[in-house]
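Structure assessment
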Amino acid sequence: MDDLDCSAVLADVWLLLDNECDGAAKERLREHIDRCSPCIEAYGLEEKLKSLLNRKCGGDRAPDALRKRLTMEIRTSYVETRIETAE
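Residues numbered from 1 in each chain as written. Predicted model: local features only at pLDDT ≥ 70, side-chain atom pairs only at ≥ 80, totals over all residues. Heavy atoms only, no water.

**Some details on helix 4 (residues 37-57)**
Put simply, the test is: Segments assigned H or I by DSSP are reported as helices when at least four residues long, segments assigned E as strands when at least two residues long, and all are numbered from the N terminus. Each helix should span, by expectation, one fewer than its residue count multiplied by 1.5 Å. The buried label goes to any residue with under 20% of its type's maximum accessible area, the exposed label to any with over 50%, and the partly exposed label to all in between, with areas taken from a 1.4 Å probe on protein chains only. Each direction from the helix axis to a C-beta atom contributes to the arc, which is the arc of those directions. Contacts are assigned to residue pairs with any non-hydrogen atoms lying within 4.5 Å of each other.
If you check helix 4, its first and last C-alpha atoms are 30 Å apart, about what 21 residues at 1.5 Å a residue would give, namely 30 Å. Those residues of helix 4 that sit buried are Cys39, Ala42, Tyr43 and Lys50. One side of helix 4 carries all its buried residues, which in axial view fall inside an arc of 100°. Turned more than 90 degrees off the buried face of helix 4, the exposed positions are Ser37, Glu41, Leu45, Lys48, Arg55 and Lys56. Summarising the contacts, the buried residues of helix 4 are in contact with helix 1 (6-11), helix 2 (13-17) and helix 3 (23-35). At the C-terminal side of helix 4, glycine 58 shows a positive phi close to 70°.

Pasting the structure below:
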């Protein structure tokens, strides 16, 4: 049974794209994305954005502290936006 909601999946889509989640999380995310049309579409857009960033930025990697801070800010912003939209 899929206990993930779309907001949780989309908050972690970059972890999946960057191959930064463990095997179990990767499988749960993939299973949800494979069955959910909106998440498939969002995943595709994020994948294209990642590819574009890699091409334009030469594959440079941000420092770990910056990546962690931005990941948390993106997740928080996304969840807040989903909450506002639901109200």
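That covers the picture; the talk isn't over yet.
**Points about the pattern of salt bridges**
Heads up, the rule is: Any carboxyl oxygen of Asp or Glu within 4 Å of a side-chain nitrogen of Lys or Arg constitutes a salt bridge here.
Enumeration according to the criterion identifies 5 salt bridges in this entry. When the shortest N-O distance is used, the salt bridge between aspartate 18 and arginine 67 registers 3.9 Å. Taken together, the residues aspartate 18 in the loop between helix 2 and helix 3 and arginine 67 in helix 5 (residues 64-86) connect sequence positions 49 residues apart. With a closest N to O distance of 2.9 Å, arginine 69 and glutamate 73 form a salt bridge. Of the two residues, arginine 69 and glutamate 73 are both situated in helix 5; the distance of 4 residues between them amounts to about one turn of the helix. For glutamate 73, a relative accessible area of 42% translates into the label partly exposed. Taken together, the shared-partner salt bridges in this structure form one network comprising Asp18, Glu20, Lys50 and Arg67.

**Description of unusual backbone geometry**
Even without being glycine, asparagine 19 reaches a positive phi, approximately 55°. The residue asparagine 19 is located in the loop between helix 2 and helix 3 in this model.

**Describing the packing of helix 3 against helix 4**
Note the cut-off: Note on definitions: angles span 0 to 180 degrees between N-to-C directions of axes, and those axes are lines fitted to C-alpha atoms, for helices only across the stretch in contact. If an angle is under 35 degrees, it is roughly parallel; if it is over 145, roughly antiparallel; if it lies from 65 to 115, roughly perpendicular; otherwise it is oblique. Each residue is assigned to one of three groups, with Ala, Val, Leu, Ile, Met, Phe, Trp, Tyr, Cys and Pro labelled nonpolar, Asp, Glu, Lys and Arg labelled charged, and all others, Gly among them, labelled polar.
One way to put it is that helix 3 packs onto helix 4 with a least axis distance of 5 Å and a crossing angle of 110°. With respect to helix 4, the axis of helix 3 lies roughly perpendicular. On the side of helix 3, the interface is formed by Arg30, His32, Ile33, Asp34 and Arg35, while helix 4 contributes Ser37, Cys39, Ile40 and Tyr43. In the contact of helix 3 with helix 4, the residues fall into 4 nonpolar, 2 polar and 3 charged.

**Some remarks on the confidence of the model for the protein chain**
What counts, and what does not: Residue-level confidence of the predictor is summarised by pLDDT, bounded by 0 at the bottom and 100 at the top.
Summary statistics for the protein chain give a mean pLDDT of 84 and a share of 90% for residues scoring 70 or more. Across the protein chain, element-level confidence peaks in helix 3 with a mean pLDDT of 92 and bottoms out in helix 5 with 81.

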